[in-house]
Amino acid sequence: MSEVRDNQHETESGKGVPDGLDQRNSPCTDRSNMELQGLSPPLSSPSAGPSPSPSASAESSDLLLLPWEILTHIASYLPAHCLINVLPKVCRTLSTVGEDTTAWQLRAQRLIGSRVRFPVGPRDDFDWPTSCLEMEQLITFWAGEVQHVTKQSEEEMDRVRLEERGQVAEGHENEGGDEVVRVGVAAQEVAYGADEGMEVVMEVENGEIQAVLDEDQMEQLREGLEGRLEVDAAALIEDGRMELNADVGPDAAHLVQNDFAYPRYLDDRGRVEMVHHQPSRSPSPPPALECITLPSSHIALVNSVLLLGGKGAVCATGSRDYDVKLWDLEEGSNGTLLHTLGRKGDFTSHQGWVWCLASEGPLLASGSFDSTVRLWDLQAGGTNRGLIRTGSAVLCLSCQNDVLLAGTFNKRINMYDTRAAEPLIKSVHLHGNAVMCLAADDTYIISGSEDCTVAVYDCRAMKALKKIKLSSYLSSMSYSGYEVWAGDKKGMMHSFSMQTGTLKLLSRFDVGHTALVTGIHKSAGSLYTCSTDKTVKIHIPSGPPRTLCTLCHAGVVHGLSVEAGIVAVSTGDDTVNIWRPRK
């Protein structure tokens, strides 16, 4: 502090500080200094006696006189939400701390490690502050709360260790630039657990995957895997086993922390179990989260779920019982049913399975196997706003402003103006089979079909731009920034870049799903996926993705929706689970 005060004295006397340093490193004015100090100009006379101790205003001034590099270094220890939401309210100088793109990039690197790609897509205009904020929240909510072990003999553990070593992969690229990345979880921990990760490249030769490793890398991988196994074995001996098999309430899902191995790699040799550090307690969600189950109201499987309103306070569900229901998630301990939507005189919302939902502002659209899309007015309590006949079963929906897009079983993508009496704008035929998923912005439509193609359509020019052939059809899709992420029938994740109408396949990732991916949500710093393999996985969207947590359900998971940190999951029965931050 004495050195800082000496610097302050030199500044006031005009010595020891190069010209322009204040403007470059501390651009705030004297008035902003007072904003930081939280004080008005002094009202007492100059003759007033000095304070017997250093004042807060002096210390605040000292802070602003620090070199800019030191200020940004101090700020790097603050949470992202503090830099984004708090410092700008203190003074103009500190508000500029959060404008340093390089500092945000370094923060992201510390969160995910330096040996992985982030973002996977283009870096142009990437929102680094939001990505860091979302990653920190994701890690806080979903990582490090529960760990899992396997019931195996010592010999079986040795075999798993060898198999995990053989599962680590990054690399082959096929003719279309399709890069396949497979990363075993134990190797993920080695790579992500410290800033010094390891890249392990795999090559395919004669149908077999072989590791390309030098001796040092192999030894490093072996030590990391053995260390992880020893820790998990010790936890098993010390804490005992506790298996989570509850089907309802906050225990509706198994929490699987990805510290050892994916269940898919264990085959039939072991059964995944959970170990909690206090086995006497009932199994529960991570402390930062709570899980509620909406009261059973549907009488058939729930195919689609959608959070509404921007804050996740309202939830819509669509079921095979032909109904669409609205729920208030803030009313009651487990939410309250608001409305079952339908026209006057109708017994159900649709005349067939409700397969998909989409929303924009006060408009809610529901697509059904009865070859219709029904429009509902959320501001009017979900009253009927219109009916659109599509001519075929509706498999996916997307809303962009007042334009509704519907992908149908008869291979078409229909564009509708929801305000018009005759809503159909155009129907385009881009695929040779059913359209399974859609994503769009104001200019482009990206669609995936059961014919194993993904296509791009320019809405303004009214023409198709590109079509890419894949090895497996895409079943779900999410479009964020310049990145498109999609899941396919086999459980693989595909990442694309999307710039100025040019769609480019970047990589394929194996994140551990073993069956069709039924839902995906991608944002700047988060990735959520669900599958018919009965799991929901939460990842950091790096290349390859870092899986933080796996929720294992008793039945098939048909879909998910994410909004404001709240996750809604439609499970293999007639229930919907809501994971949200504790209040």
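Every value quoted in this text rests on a predicted model; they were computed, and no experiment measured them. (Residues numbered from 1 in each chain as written. Predicted model: local features only at pLDDT ≥ 70, side-chain atom pairs only at ≥ 80, totals over all residues. Heavy atoms only, no water.)

A.B. asks: Would you take a moment to explain helix α5 (residues 68-75) for this structure?
C.D. replies: It helps to recall that an α-helix has 3.6 residues per turn; residues three or four apart then point in one direction. All of the buried residues along α5 are Trp-68, Leu-71, Thr-72 and Ala-75. Mapping the buried residues of α5 onto a view down its axis gives an arc of 95°, with all of them on the same face. (Buried < 20%, exposed > 50% of the residue type's maximum accessible area, 1.4 Å probe, protein only. Helix = DSSP H or I, 4+ residues; strand = E, 2+ residues; numbered from the N terminus. Arc of directions from axis to C-beta.)

A.B. asks: Explain the sheet that holds strand β21 (residues 435-440) here, please?
C.D. replies: Reading across the sheet, the four strands line up as β21-β22-β23-β24 and stay open at both edges, with antiparallel pairing between neighbours. Either end of the sheet is taken by a strand with one partner, and the two such strands are β21 and β24 (463-469). Averaged over all pairs of adjacent strands, the angle between their axes in this sheet comes to 20°, without regard to strand direction. Pairing between strand β23 (residues 453-458) and β24: six bridges, direction antiparallel. Within β24, the residue paired with Tyr-457 across the bridge is Ala-464. (Pairing = 2+ DSSP bridges. Axes fitted to C-alpha atoms, helices over the stretch in contact; angles between N-to-C directions.)

A.B. asks: Where do I start with the UniProt feature "repeat: WD" (unreviewed entry) in the chain in this structure?
C.D. replies: With numbering matched to this structure, UniProt assigns "repeat: WD" (unreviewed entry) to residues 347-386. Regarding residues 347-386, the helix share stands at 0% and the strand share at 57%, and the terminal C-alpha atoms are separated by 17 Å. (UniProt positions renumbered as here; feature names shortened; annotations may be inferred.)

A.B. asks: Looking at this model, I keep getting lost on the environment of Glu-563. Mind explaining?
C.D. replies: In this fold, Glu-563 is placed in strand β33 (residues 559-563). Judged by its relative accessible area of 18%, Glu-563 falls in the buried class. For Glu-563 and Leu-306, which are 257 residues apart along the polypeptide, the C-alpha to C-alpha distance reads 9.0 Å. For Glu-563, the residues in contact, after removing those within four places along its chain, are Leu-307, Leu-308, Gly-309, Gly-310, Lys-311 and Gly-312. Reaching out from Glu-563, the side chain makes a polar contact with the backbone nitrogen of Gly-312 at a distance of 2.9 Å. (Contact = heavy atoms within 4.5 Å. Polar contact = N/O pair within 3.5 Å; in protein donor to acceptor, adjacent residues only side chain to side chain.)

A.B. asks: What should I look at first to understand the pattern of salt bridges in this one?
C.D. replies: Think of it this way: side chains of opposite charge can pair up when their charged atoms draw near. Taken as a whole, this structure holds six salt bridges when the rule is applied. Residue Glu-136 pairs with Arg-107 through a salt bridge whose shortest N-O separation is 2.7 Å. Of this pair, Glu-136 sits in helix α9 (residues 128-142) while Arg-107 is found in helix α8 (residues 101-112), placing the two residues 29 residues apart along the sequence. Residue Arg-107 is classed as buried on the basis of its relative accessible area of 6%. Where Glu-483 meets Lys-522, a salt bridge forms, and the shortest distance between an N and an O atom there is 3.6 Å. Note that Glu-483 is positioned in strand β26 (residues 483-488) and Lys-522 in strand β29 (residues 517-522), a separation of 39 residues in sequence. In this structure Lys-522 comes out as buried when scored by relative accessible area, which is 5%. Linked by salt bridges that have partners in common, Asp-402, Asp-417 and Arg-419 make up one network. (Salt bridge = Lys/Arg side-chain N within 4 Å of Asp/Glu carboxyl O.)

A.B. asks: Which parts of the structure should I look at to understand the packing of aromatic side chains?
C.D. replies: Centre-to-centre distance and the angle between the planes together describe a pair of aromatic rings. Summed over all chains, the structure comprises eight aromatic pairs. The interplanar angle of 90° and the centroid separation of 5.5 Å between the aromatic rings of Phe-118 and Phe-126 together place this pair among those described as edge-to-face. For the pair Phe-118 and Phe-126, one class covers both residues: buried. Between the aromatic rings of Trp-485 and Phe-509, the centroid separation amounts to 5.7 Å while the plane-to-plane angle is 20°, which identifies the pairing as stacked. Residue Trp-485 is located in strand β26, and its partner Phe-509 is located in strand β28 (residues 502-510); the two are separated by 24 residues in the primary sequence. Assessed through its relative accessible area of 0%, Trp-485 is described here as buried. Relative accessible area serves as the criterion here: at 0%, Phe-509 is assigned to the buried category. Here the guanidinium or amino end of Arg-320 rests over the ring plane of Trp-353, the centre of that ring lying 4.2 Å away. (Phe/Tyr/Trp six-rings, centres within 6.5 Å; stacked < 30°, edge-to-face > 60°. Lys NZ or Arg CZ within 6 Å of the ring centre and 35° of its normal.)

A.B. asks: I keep staring at the confidence of the model for the chain and nothing clicks. Help me out?
C.D. replies: Keep in mind that low pLDDT regions are not for reading the predicted coordinates in detail. Here the chain shows a mean pLDDT of 74. Residues at 70 or above account for 65%. Scored below 50 in pLDDT, residues 167-179 shows 44 contacts in the model against residues more than four places distant or in partner chains. Long-range and interchain partners of residues 182-213, a stretch whose pLDDT sits below 50, account for 89 contacts in this model, where long-range means more than four residues apart. (pLDDT = per-residue confidence, 0-100.)

A.B. asks: Help me understand α9 in this model?
C.D. replies: Look at α9: 21 Å from first C-alpha to last across 15 residues, which is about the 21 Å you get at 1.5 Å a residue. Three or more residues of α9 are buried, namely Trp-128, Ser-131, Cys-132, Leu-133, Met-135, Glu-136, Leu-138, Phe-141 and Trp-142. (Expected span 1.5 Å × (residues − 1).)

A.B. asks: Even after reading the chapter, I still don't get the environment of Phe-118, so can you show me in this structure?
C.D. replies: Counting through the fold element by element, Phe-118 comes out in the loop between α8 and α9. Counting along the chain gives 426 residues from Phe-118 to Pro-544, while the straight-line C-alpha distance between them is 9.1 Å. For Phe-118, the contacting residues outside a window of four places in its chain are Ala-108, Ile-112, Arg-123, Phe-126, Trp-128, Ser-131, Met-135, Ala-524, Pro-541 and Ser-542.

A.B. asks: What's the story with the sheet that holds β33 in this structure? I'm lost.
C.D. replies: In spatial order, the strands read β8-β35-β34-β33; together these four strands make up an open sheet with antiparallel pairing. Here the strands that pair on one side only, and so sit at the sheet edges, are β8 (289-293) and β33. With direction set aside, neighbouring strand axes in the sheet form an average angle of 15°.

A.B. asks: Looking at this model, I keep getting lost on the environment of Val-556. Mind explaining?
C.D. replies: You can see Val-556 is positioned in the loop between β32 (546-552) and β33. Judged by relative accessible area, which is 26%, Val-556 ranks as partly exposed. Excluding residues within four positions of it along the chain, Val-556 makes contact with Thr-532, Lys-534, Ser-570, Thr-571 and Gly-572.

A.B. asks: Would you explain the side chain of Ser-476 in this entry?
C.D. replies: Considering the arrangement of structural elements, one finds Ser-476 in strand β25 (residues 474-480). Of the residues examined, Ser-476 reaches a relative accessible area of 6% and is grouped as buried. Within the structure, the side chain of Ser-476 is placed 3.3 Å from the backbone oxygen of Val-517, a separation counted as a polar contact. With sequence-adjacent residues up to four places away left out, Ser-476 is seen in contact with Cys-437, Trp-485, Ala-486, Gly-487, Val-517, Thr-518, Gly-519 and Ile-520.

A.B. asks: Would you mind showing me how to read the pairing of strand β16 (residues 383-389) here?
C.D. replies: Each regular strand displays side chains that alternate between the two surfaces of the sheet. The pairing of strand β15 (residues 372-377) with β16 spans six bridges and is classified as antiparallel. Within the sheet, the bridge partner assigned to Trp-376 lies in β16 and is Asn-384. Joining the antiparallel neighbours β15 and β16 is a turn of five residues, in which Gly-381 adopts a positive phi near 75°.

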